[in-house]
Amino acid sequence: MRQRILPWGALTTLCIAINALFVLFPLLTLVGNSFSGADGIGFDGLARFLATPDYLRGLRNTVVLGVAVTVAATLVGVPFAYIVARYDFPLKNFVALLPVATIIIPEVITCQSWLLVLGNNGFVTKALRDSAGIELPSFYGWGGMIFVMTLVYYTYIYLGTLAALRGFDGQLEEASRSLGRTPVETVFRVVIPTVAPAILVNAMVVFTLVVGNFAVSIILGNRIPLLSIQTYNAFVNEMGGSPVMQSTLSLVMITLVAIVLFVQKRFVERRLVQMAQGRAPAAVRVASWRGMAFAGLVLVVVLLSFLPLVTVFVAAFSESRGPLVRWGTFSLAGIERALTAGVDPILNSLKFASVATAAGIAFAVLASYLIVKKRSAATQALDYLVVLPLTISGTVLGIALVQAFNSGSMVLTGTALIMIVTYVVRRMPFSIRSAASSLYNIPDSLEEASISLGVPPLKTFLKVVVPVMWASVASAFVLMWASTLSELSASIVVYGGGLETLPIAIFRQVDSGRMGPASAYAAVLVVLIVVPIALSVKLLRIRLFATK
Amino acid sequence: MAAITISKVSKAYGKAAVLQGVELAIENGTFFTLLGPSGCGKTTLLRTIAGFISPDTGKILFDGEDVTRVPVHRRDIGMVFQDYALFPDKTVFANVAYGLRARGHDRSTVEKSVAAHLDRVGLAHLGDRYPAELSGGQRQRAALARALVIRPRVLLMDEPLSNLDAKLRVTMRETILDLQRASRTTTIFVTHDQEEALSMSDRIAILDRGVIAQVGTPEDLYERPANAYVADFIGAANVLPVRILRAAGEGHVIAAIAGHELCCLGSGTARGGEDGKLIARPELLVLGEAEAAPGTPNVLKGQVARRQYLGARTVYTVRIGNELTITAERHAGATHQPLLAPGQPVDVVVPRTSRVVAA
């Protein structure tokens, strides 16, 4: 029972106030701006959206792209998860590396490196052209986008399906077989229907990510109208003017994502099956041709996932001119330039990522503790507020923050603070989710024991709860570090002079066709992400994933 | 160590009253048990004494000092939790040292006290282990040492034995009692297990839906239950509806049941002309072949309906008339009587020491 309102009440109020200022207020500003006209309220934005064929095409293309990538990612992720969960074969341990690739390789680098391989001047493109006279279709456009996004996003479906299959109660399959179904029938009539909601939940996450995707869309989009790019362009065009169009397009994106998340929460998550005693059937050892086939498949997926790393590192240490990388040469010029004259983005990235990670995790620990352990009407409100950013794609978040803090009493545009706020808000739902997951496993009696032994509540939180949460906090820390360093879509909107980060620098170099400097920055970025993670995983024995 | 006084404590959650005007005086140094089924309010009362719950009305006094508004961490209590609540990231030693360190004791005092208490609970060699590396019984001992090492004014235990297997539970009872007797710490023990309560307590309070049903020594509660609820909860008892006819002197009453007349002890509240309840312990009923004349006082004539042979004793269900059944036991060895067969007519003799209470 609460004896006094303080200190938890005060902390809850503080958390709500922070969220209101940096999430709710920017969103409301955005909504207000989209419905503003010459004389107060107006529907110019919506009218123009509905009257412009290009915008409608953008909406349609975005949905088509979302569905295409989601289907492709499901077709890759689900069978792959099934094979990994149910079979044992040579080289299987390599699959543990797959989620790592998603964490440590920023989208912008995946995109850039595939351009180095399959782009107009890519080495595979050129090799085929020179040796066999085969002209590959352009990598820019639908094909390239779907290919790269599938590679970037299939892990979500793979990991979700794998977790569901590992929690599957094998007795259900035995029951089906005992009732006269063949093994194959059993898979389709028992296993798939049971794990289908889990697959669908993750597929819907992928869809929302594709809708909000910026890096791949803008680099490979080849002027195909897409909402995220149109929103960004409207923001750039309306700089200094009335922000009606950017706000309207942002609102359309939010609505699209919100609908999907609503359906997911309301209809799909309810169908998630809780297994009473999940003892998944043991993996079957397969040898001979099937084993070889599975091993080959794993190898291909692992290679495709890590190829960007290799490409980018080789390119970083090669001679290059404009979009041309001269493969087979060696040069330190690119790296040298990145570390001397062009060092600012590196320093900025390090600075922002460390401050944002520290602030974001501290906030996540406090907020998740309040939400899980100090239930009240106020913490319930906080619980809703902190997941709000899930509906806001990076570009939209950036636009909302710029609009909210461009004028008035709090002008933050162009400051380092707005960059940090952007990173913290963007990551908040995920950090809080991982911090909260371990809190559910800490019984209340643990805190009560400490208090009964004479330690006041707030000190108990620090001495008892935080150490027990430590493992999950540490992994949230690592994930936030990586994702903050990789963040492009929101930071490219809010950044100003002198605040350029590594992903922004990489994007600008790629955009102007300078693959050499882009690769050098990309190599540095990967090192900045990987080295601290590797060190902390080693030193702190962090387990990054519940499922390996 | 302190005497605990609970004065008119009430607590409600919304419309559900969990505690209603609870009054208790717990003497210094006693082992006091709060007994009752789940939902009776015993854990709420314990947590109110600890300070995790503040009562809506009423007071908690430690040695006459009002602690109702004192926060838990300044009450100087030791608490043992049902799930032990050992800090999983700390060793056994660090767990036990936790409260002493919070009190700012210097290093050598802490080490000496912790070592002494670990020794007392038989964990001296396991100080470096983590809770996950201990067995259930060892965890229980560590939790006990952690609560006692700070020399609390009162030791509060919330169903501490319920997570242990049956055999360990019996040995842990002795360990807890030995430690309590040695330190003379006032102890309040919550349980729903009547055997635990009877075997360990100096005094027991039985709770019934937020109200104290009876307070007394284990013998008081077993032999002189104040009402049917207490009789039913402590030990097995036949609780049968009777009609009280009249007083019979020396605290006895005459009551009618299924066409028979009984002369039994009446409780103060049972009055002639009212309905009452007969409380008869199965092991005190005398069961024999039908030989008494009909109408003999305190003899119920019936028929064996069911027999459960349990080795040391045999439990019979006897049908009296058309509506009534009564349970009676016969112990092997006491008399070398043959077993009675189902269907056989029998006499059940109700001793005059059985009690009739108000319905």
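Since the model is a prediction, treat every value here as computed from it, not as a measurement.

Colleague: Please provide a residue-by-residue account of helix H11 (residues 227-237) of chain A, values included.
Modeller: In terms of residue burial, H11(A) counts as a mostly covered element, since eight of its eleven residues are buried. Inspection of H11(A) places A:Leu227, A:Ser228, A:Ile229, A:Gln230, A:Thr231, A:Tyr232, A:Ala234 and A:Phe235 among the buried residues, and these make up the whole buried set.

Colleague: Provide a residue-level description of a nonpolar patch on the surface, including the pertinent values.
Modeller: Judged by side-chain polarity, A:Trp470, A:Val527, A:Val531, A:Leu535, A:Leu539 and A:Leu540 come together as a nonpolar surface patch covering roughly 560 Å² of accessible area. Among the elements that make up the nonpolar patch, the one with the highest residue count is helix H23 (residues 515-540) of chain A (five residues).

Colleague: Go over the packing of aromatic side chains with me, naming the residues and quoting the values.
Modeller: The full count for this structure, using the stated rule, is 23 aromatic pairs over all chains. Site record: aromatic cluster; members linked through ring pairs are A:Tyr82, A:Tyr87, A:Phe89 and A:Phe294. In this structure, B:Arg146 packs its charged tip against the face of B:Phe87, placed 4.8 Å from the ring centre. Above the ring of B:Tyr222, the side-chain terminus of B:Arg281 is found at 4.0 Å from the ring centroid.

Colleague: Can you tell me about the UniProt feature "domain: ABC transmembrane type-1" (unreviewed entry) in chain A, naming the residues and giving the values?
Modeller: All names here are of chain A. Mapped onto the present numbering, the UniProt feature "domain: ABC transmembrane type-1" (unreviewed entry) falls on residues 59-262 and 346-536. In residues 59-262, helix accounts for 77% and strand for 1%; the two terminal C-alpha atoms are 19 Å from one another. As annotated, residues 346-536 has a helix share of 78% and a strand share of 0%, and its two end C-alpha atoms lie 21 Å apart.

Colleague: Account for the environment of B:Pro225, with residues named and values stated.
Modeller: All names here are of chain B. Along the chain, Pro-225 falls in the loop between helix H7 (218-223) and helix H8 (228-233). You can call Pro-225 buried: its relative accessible area is 2%. Apart from residues lying up to four places away in sequence, Pro-225 is in contact with Gln-214, Asp-220, Val-230, Ala-231, Ile-279, Arg-281, Arg-355 and Val-357.

Colleague: Provide a residue-level description of the domain arrangement of chain B, including the pertinent values.
Modeller: Residue and element names in this part refer to chain B. Domains assigned within chain B are domain 1 (4-228) and domain 2 (236-358). Distance from the C-alpha centre of domain 1 to the C-alpha centre of domain 2: 40 Å. With eight residues of domain 1 at the contact, the number on the domain 2 side is seven residues. Surface buried jointly by domain 1 and domain 2 totals about 610 Å² across both partners, of which 52% is contributed by carbon and sulfur atoms. Considering only the surface of domain 1 that becomes buried against domain 2, Tyr-222, Pro-225 and Ala-228 emerge as the three largest contributors, covering 72% of it. At the boundary of domain 1 and domain 2, one finds zero salt bridges. At the boundary of domain 1 with domain 2, the tally comes to two residue pairs in polar contact (both at pLDDT 80 or more). Examining the composition of the side of domain 1 that touches domain 2, we find that three residues originate from one element, H7, more than from any other. Here the residues of the side of domain 1 that touches domain 2 are counted per class, giving five nonpolar, one polar and two charged.

Colleague: Account for the sheet that holds strand E16 (residues 299-309) of chain B, with residues named and values stated.
Modeller: Within a sheet, neighbouring strands are paired by backbone hydrogen bonds and run either parallel or antiparallel to one another. Residues and elements named next belong to chain B. Pairing is antiparallel in the open sheet, where five strands are placed in the order E15-E19-E16-E17-E18. A single partner strand is all that each edge strand has here, and the edge strands are strand E15 (286-289) and strand E18 (324-331). Neighbour-to-neighbour, the strand axes of this sheet turn through a mean angle of 45°, independent of strand direction. In terms of strand pairing, strand E17 (residues 313-320) meets E18 through eight bridges, oriented antiparallel. Looking at the pairing, Thr-314 lines up with Arg-330 of E18.

So, how was this worked out
- Residues numbered from 1 in each chain as written.
- Chains lettered and ligands numbered in written order.
- Predicted model: local features only at pLDDT ≥ 70, side-chain atom pairs only at ≥ 80, totals over all residues.
- Heavy atoms only, no water.
- Buried < 20%, exposed > 50% of the residue type's maximum accessible area, 1.4 Å probe, protein only.
- Helix = DSSP H or I, 4+ residues; strand = E, 2+ residues; numbered from the N terminus.
- Patch = residues over 30% accessible without salt bridge, like charges linked within 9 Å, V, L, I, M, F, W, Y side chains within 5 Å.
- Areas by Shrake-Rupley, 256 points an atom, 1.4 Å probe, with all protein chains shown as cover.
- Salt bridge = Lys/Arg side-chain N within 4 Å of Asp/Glu carboxyl O.
- Phe/Tyr/Trp six-rings, centres within 6.5 Å; stacked < 30°, edge-to-face > 60°.
- Lys NZ or Arg CZ within 6 Å of the ring centre and 35° of its normal.
- UniProt positions renumbered as here; feature names shortened; annotations may be inferred.
- Contact = heavy atoms within 4.5 Å.
- Domains from an automatic or database assignment.
- Buried area = accessible area lost by both parts, 1.4 Å probe.
- Polar contact = N/O pair within 3.5 Å; in protein donor to acceptor, adjacent residues only side chain to side chain.
- Nonpolar A, V, L, I, M, F, W, Y, C, P; charged D, E, K, R; others polar.
- Pairing = 2+ DSSP bridges.
- Axes fitted to C-alpha atoms, helices over the stretch in contact; angles between N-to-C directions.

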